[in-house]
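Summary of the model geometry
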There are 2 protein chains.
Amino acid sequence: MTAPFRLGIAGLGTVGAGVVRIVQTHGAALAEKAGRPVEITAVSARNRGLERGVDLSAYAWEDDATRLAHRDDVDCVVEVIGGSDGPAKALVEKALAPGEHGAKHVVTANKALIAHHGQELAEAAEAAGVALRFEAGVAGGIPVLKGIGEGLAANAISRVFGVLNGTCNYILSEMEASGSDYRDVLADAQRLGYAEADPSLDVGGIDAAHKLAILAALAFGTRIDFGGVVIEGIERITLADIRTARDMGFSIKLLGLARMHDTGLEQRVRPCMVPEKTPIGALQGVTNAVVAEGDFVGKCIFTGPGAGAGPTASAILADVLDAARGVVSPAFGRPAAGLTAAPRLQHGAEHSPYYLRFMLADRPGALASIASALGAAGVSIHRMRQYGKGDPVPVVIETHDARRDAIDAAVDAIAALPVSMEPPVAIRIEEV
Amino acid sequence: MTAPFRLGIAGLGTVGAGVVRIVQTHGAALAEKAGRPVEITAVSARNRGLERGVDLSAYAWEDDATRLAHRDDVDCVVEVIGGSDGPAKALVEKALAPGEHGAKHVVTANKALIAHHGQELAEAAEAAGVALRFEAGVAGGIPVLKGIGEGLAANAISRVFGVLNGTCNYILSEMEASGSDYRDVLADAQRLGYAEADPSLDVGGIDAAHKLAILAALAFGTRIDFGGVVIEGIERITLADIRTARDMGFSIKLLGLARMHDTGLEQRVRPCMVPEKTPIGALQGVTNAVVAEGDFVGKCIFTGPGAGAGPTASAILADVLDAARGVVSPAFGRPAAGLTAAPRLQHGAEHSPYYLRFMLADRPGALASIASALGAAGVSIHRMRQYGKGDPVPVVIETHDARRDAIDAAVDAIAALPVSMEPPVAIRIEEV
């Protein structure tokens, strides 16, 4: 095993340049750990002329990324182009296909690609006897796929959840800390580079949903089912909700959560109330955290940098080192053919306590009409509070454990009442 | 790879029985993940007649644990006897030795054995081409050796630290929560099974030091050096210190910390003050947490159950699954011959802010004599507070960053003053 392990890097944005930088900085240590030299032989990007802050002169250049899959001097393709389809998918499919040049190992940071096409790609990698790894796609630099897929492999996992999108966590914790409104904090985040010019993938919950679908497949041994993730973003969270949450001892977090029930797999990305004095509730800024609950181990939490060039490149090279050492395990921890298609949990069957906020006309009987609508839907009240004396006046309710469909029914009924002046807000209270 | 991977288990206490239970409960899933069946063929313990709550009738019995190393139907010895020498060491050495029956893989939870003999054992395993793994020895069920050794392998680690002993953390957080004294909480911990009848390995810091030495070797690529760990336990921590700490925004934690300096490797287990609103400061009860700082990834935190049958067995089986899949990497992540013997950091050269507590006679000039002794030693004061009006009266000082030897000199000088009525306390304030 002294032959070098040769990388072809597709995509030279900040992450691709980060991979180059680690290989150039830590070459000797990487060789020691891999048991063989780790080298870059070829790179590809759209614009050859761009200055990227790293010296690429020793590497072959390919204008067409898929050509990396045809090079005999590449053992492993590192895909950091991004996107669920298009050139990234074409390259990865080519690399995993046996053919004249042999299949290549693939290491990617592309969560969208895996969330949409993980099953077929995992099957292709297994058939070809090569590794397909995507640690960098979930929770950035935190070795959470390794931690759950290998470190907790002896457990039946019952629940996996976490704060999977740093942009959303930055916005929510900044709103809480600074008292600024959603729009202002989002603009700040864009200025600081924490949010994209088009932030919809992040704040809409799609990015977190990609990661959650991957975590669920790995944790439960199920076929990846991105379409089964119920998604709600943070766009509707107001400063008022954040303040009320705090007042009740909660923080609002965008949680991705997957849980295996007897009747199906629950997967959702939604803003949740979590107790503020917990590792998840206390999580500030762009940090990510993932919690896995196993039947023998109990609860493990993995916390760290969820994005950025250094952390993402760190995760990519961890996968590269495994492949270089000859570790070729199935992409989702078990043979792809054995991954089961879990039924989706019937929508509405999931249950928990809920936080409800109503904006009510300040008139006699308003509270009573709310309470009776909740009662009619079978939702019982844990505590109820009216904030101030405005018109409309905010009324906040913490319910006891209730099914989501009962909450939805109650909320719909209340929204239709004449005393309800704005659309009600319902936020799940999650035990973390 | 469809031949079964056959385990011989040495030691059938709660952890050994936990390993049996996982294999019996999750056999099908383990086989799927390992790519081959994982079976127990033989077991050994001192007392065959003991009821252990698991059915051992299908396994061969060995009265002498070292006989497991001679069995042709054992591929991997699981050592959960414990102890740095004696039967555990004899068994592991036999198992790793090539011979008539071939070397066996070894998976152990024995931190003392690895802390004292890790280098020789790692060399023996490599020479024989078998795995030597000890995830269960550090931080129980948390996959932290895998996380740091593999998941963060692309980084130069600058610092690794954490709460490595659940018994101590239970005692300290209970003292803080209940306001009970050290002796009372220790007695409770013993009643609850969180502390041994002889608690000295735990509260004296030895157990945490074993784990720290292993973490340091893995993180820095150095030869394990248990003798180089500076150790101080929690026996001298008083309720007064805990209350003052809280008053100043700190929690007292027994931290194991290793840091690579230009001039040598610092390794210490010592009570430290840490900001209470950090993941380490907020850690309650028997939970462990390990923090690693890498040059590319930044800071990752691994939190979870640090002890107990289920978590420890979970970690053992993670190692077993790797070995069953054919993963045979060097025990400390790089070839044992290449591990460097780092010089020990000169004692006293480490620096940080400190918390100092003095019990002073209530007489004019007492404070001034303290302040001038600190000044003479080159230690400058960040804030100073006198608690109440007793005699002796507690005086608490938070210093600016100072070298340990300067603090020691100042404390010695002050202890010798006539106004000093009790031995002073110095606790390092750690940035976590």
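The rules behind the values
Residues numbered from 1 in each chain as written. Chains lettered and ligands numbered in written order. Predicted model: local features only at pLDDT ≥ 70, side-chain atom pairs only at ≥ 80, totals over all residues. Buried ≥ 20, exposed ≤ 12 C-beta atoms within 10 Å, placed from the backbone. Helix = DSSP H or I, 4+ residues; strand = E, 2+ residues; numbered from the N terminus. Pairing = 2+ DSSP bridges. Contact = placed C-beta atoms within 7 Å. Nonpolar A, V, L, I, M, F, W, Y, C, P; charged D, E, K, R; others polar. Least-squares fit on C-alpha atoms with pLDDT ≥ 70 in both. Axes fitted to C-alpha atoms, helices over the stretch in contact; angles between N-to-C directions. Parallel < 35°, antiparallel > 145°, perpendicular 65-115°, else oblique. Left-handed = near helix turned anticlockwise from the far one by under 90°.

Side note on the pairing of strand 15 (residues 381-386) of chain B
Residue and element names in this part refer to chain B. Little of strand 15 sits inside the fold, with 0 of its 6 residues counted as buried. Judged from the 5 bridges that link them, strand 15 and strand 16 (residues 393-399) form a sheet pairing that is antiparallel. Counterpart to Arg 383 in the pairing with strand 16 is Glu 398. Hairpin geometry of strand 15 and strand 16 is characterised by an intervening segment of 6 residues between the two adjacent antiparallel strands and by a positive phi of about 70° at Gly 388.

Re the interface of chain A and chain B
Across the contact, 45 residues belong to chain A and 45 residues belong to chain B. Elements that contribute at least two residues to the side of chain A that touches chain B include exactly helix 2 (27-34), helix 5 (144-151), strand 12 (298-305) and helix 11 (309-324) of chain A. Along the lines of polarity and charge, the residues of the side of chain A that touches chain B split into 23 nonpolar, 14 polar and 8 charged. In the sheet, strand 12 of chain A pairs with strand 12 (residues 298-305) of chain B via 3 bridges, with the strands oriented antiparallel. Looking across to strand 12 of chain B, one finds that Ile 301 of chain A is bridged to Thr 303 of chain B.

Comments concerning the relation of the copies chain A and chain B
What relates the pair of chain copies is a rotation about an axis plus a shift along that axis. Turning chain A through 180° and shifting it by 0.0 Å along the axis lays it on chain B, with an RMSD of 0.1 Å. Expressed as a symmetry operation, the mapping of one chain copy onto the other fits a two-fold axis. If distances are taken from each C-alpha of chain A to the rotation axis, the shortest is found for Phe 302 of chain A, at 2.5 Å. The residues that chain A uses at the interface reappear at the interface of chain B in 100% of cases, marking a shared surface.

Regarding the environment of Ala 313 of chain B
Within the fold, Ala 313 of chain B resides in helix 11 (residues 309-324). Taking the C-beta count within 10 Å as the criterion, Ala 313 of chain B has 31 such neighbours and is therefore assigned buried. Note: C-alpha distance between Ala 313 of chain B and Arg 21 of chain B (292 residues apart in sequence) is 8.8 Å. Other than its neighbours up to four places away in sequence, Ala 313 of chain B contacts Phe 296 of chain A together with Val 15, Gly 18, Val 19 and Ile 22 of chain B.

Focus: the packing of helix 4 (residues 111-128) of chain A against helix 9 (residues 206-220) of chain A
Residue and element names in this part refer to chain A. Two elements in contact, helix 4 and helix 9, have axes whose closest approach is 8 Å; the angle formed by their N-to-C orientations is 55°. In terms of their interaxial angle, helix 4 and helix 9 are classed as oblique. Note that helix 4 runs across helix 9; the crossing there is left-handed. Residues Lys 111, Ala 112, Ile 114, Ala 115 and Gly 118 of helix 4 touch helix 9, and the partners they reach there are His 210, Lys 211, Ala 213, Ile 214 and Ala 217. Split into classes, the residues belonging to the contact of helix 4 with helix 9 amount to 6 nonpolar, 2 polar and 2 charged.

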